[in-house]
Amino acid sequence: MILSTIGGLGLLGWLGTIWAARVGKRWAPWLAIGLLATATCIAIAALTVQDTSGDVGLAPLLGWLQVLPCIPGLAAVALWRRAR
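On a predicted model such as this, the values are computed, not experimentally measured, just so you know.

K.L.:
Just to check I follow, could you spell out the overall build of the chain for this structure?
P.N.:
For the chain, the helix and strand inventory stands at four helices and zero strands. Ordered by position from N to C terminus, the α and β elements of the chain give α-α-α-α. Counting the 84 residues in the chain, one finds 21% classified as buried. Taking the contacts inside the chain whose residues are at least 6 apart along the sequence as the reference set, 41% of them involve residues at least 24 apart.

K.L.:
Can you help me understand helix α2 (residues 28-48) in this one?
P.N.:
Residue pairs spaced three or four apart in an α-helix point in one direction, given the helix's 3.6 residues per turn. The end-to-end C-alpha distance of α2, which contains 21 residues, comes to 30 Å, matching closely the 30 Å that a straight helix rising 1.5 Å per residue would cover. Of the positions making up α2, those classed as buried are Ala28, Pro29, Ala32, Leu36, Ala39, Ala43 and Ala46. The buried residues of α2 occupy an angular sector of 115° when the element is viewed end-on, so they sit on one face. Away from its buried face, by an angle of more than 90 degrees, α2 presents the exposed residues Trp30 and Cys41.

K.L.:
Any chance you could explain the nonpolar core here in plain terms?
P.N.:
Within soluble globular proteins, side chains that are nonpolar generally end up buried alongside one another. If you look at the biggest cluster of nonpolar residues, it comprises six residues: Trp14, Ala32, Leu36, Ala39, Cys70 and Val77. At three residues, α2 tops the list of elements feeding residues into this core.

K.L.:
Can you walk me through helix α1 (residues 2-22) in this structure?
P.N.:
For α1, which comprises 21 residues, the first-to-last C-alpha distance of 30 Å matches the rise-based estimate of 30 Å (1.5 Å per residue) to within 8%. A positive phi of about 85° marks glycine 24, the residue just after α1.

K.L.:
Whenever I open this one, the side chain of threonine 17 confuses me. Can you help?
P.N.:
By the secondary structure assignment, threonine 17 is in helix α1. Look past the residues within four positions of threonine 17 in its chain and what remains in contact with it is Ala28, Leu31, Ala32 and Leu35.

K.L.:
Please explain a nonpolar patch on the surface as it appears in this structure.
P.N.:
The grouping of Leu3, Leu61, Leu62, Leu65, Leu68 and Ile71 at the surface amounts to a nonpolar patch, some 550 Å² of accessible area in total. For the nonpolar patch, the element with the most residues is helix α3 (residues 60-65), which contributes three residues. Assignment of secondary structure puts isoleucine 71 in helix α4 (residues 70-83).

K.L.:
Mind showing me how you'd approach the packing of α1 against α2 here?
P.N.:
Helix packing geometry: the angle between the two helix axes and the distance between the axes. Across the interface, α1 lies against α2 with an axial gap of 9 Å and an inter-helix angle of 160°. Classified by the angle between their axes, α1 and α2 sit roughly antiparallel to one another. For the element pair α1 and α2, the recorded crossing hand is left-handed. On α2, the residues that touch Ile6, Gly13, Trp14, Gly16, Thr17, Ala20 and Ala21 of α1 are Ala28, Leu31, Ala32, Leu35, Leu36 and Ile42. When its residues are assigned to classes, the contact of α1 with α2 shows ten nonpolar, three polar and no charged.

Calculation criteria
Residues numbered from 1 in each chain as written. Predicted model: local features only at pLDDT ≥ 70, side-chain atom pairs only at ≥ 80, totals over all residues. Heavy atoms only, no water. Helix = DSSP H or I, 4+ residues; strand = E, 2+ residues; numbered from the N terminus. Buried < 20%, exposed > 50% of the residue type's maximum accessible area, 1.4 Å probe, protein only. Contact = heavy atoms within 4.5 Å. Expected span 1.5 Å × (residues − 1). Arc of directions from axis to C-beta. Core = buried A, V, L, I, M, F, W, Y, C linked by side-chain atoms within 4.5 Å. Patch = residues over 30% accessible without salt bridge, like charges linked within 9 Å, V, L, I, M, F, W, Y side chains within 5 Å. Areas by Shrake-Rupley, 256 points an atom, 1.4 Å probe, with all protein chains shown as cover. Salt bridge = Lys/Arg side-chain N within 4 Å of Asp/Glu carboxyl O. Axes fitted to C-alpha atoms, helices over the stretch in contact; angles between N-to-C directions. Parallel < 35°, antiparallel > 145°, perpendicular 65-115°, else oblique. Left-handed = near helix turned anticlockwise from the far one by under 90°. Nonpolar A, V, L, I, M, F, W, Y, C, P; charged D, E, K, R; others polar.

Have a look at this one:
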């Protein structure tokens, strides 16, 4: 349930960022940077948080799958930097 919620929120965030960039909003790059930072923090937490048994609480494959939404954000930030 947590992964689905985070994935849905991430999708809405990136679609909103794409819309903002397409219509030329000046705050679109800052939204992309904020979403990238948030997604990176969530992904790191998913990969490192341990449950009560001492094992990582999330299967490593699922944790790494959470890193995938960070890739569009990284691309957006890289393209924004290159455009300047």
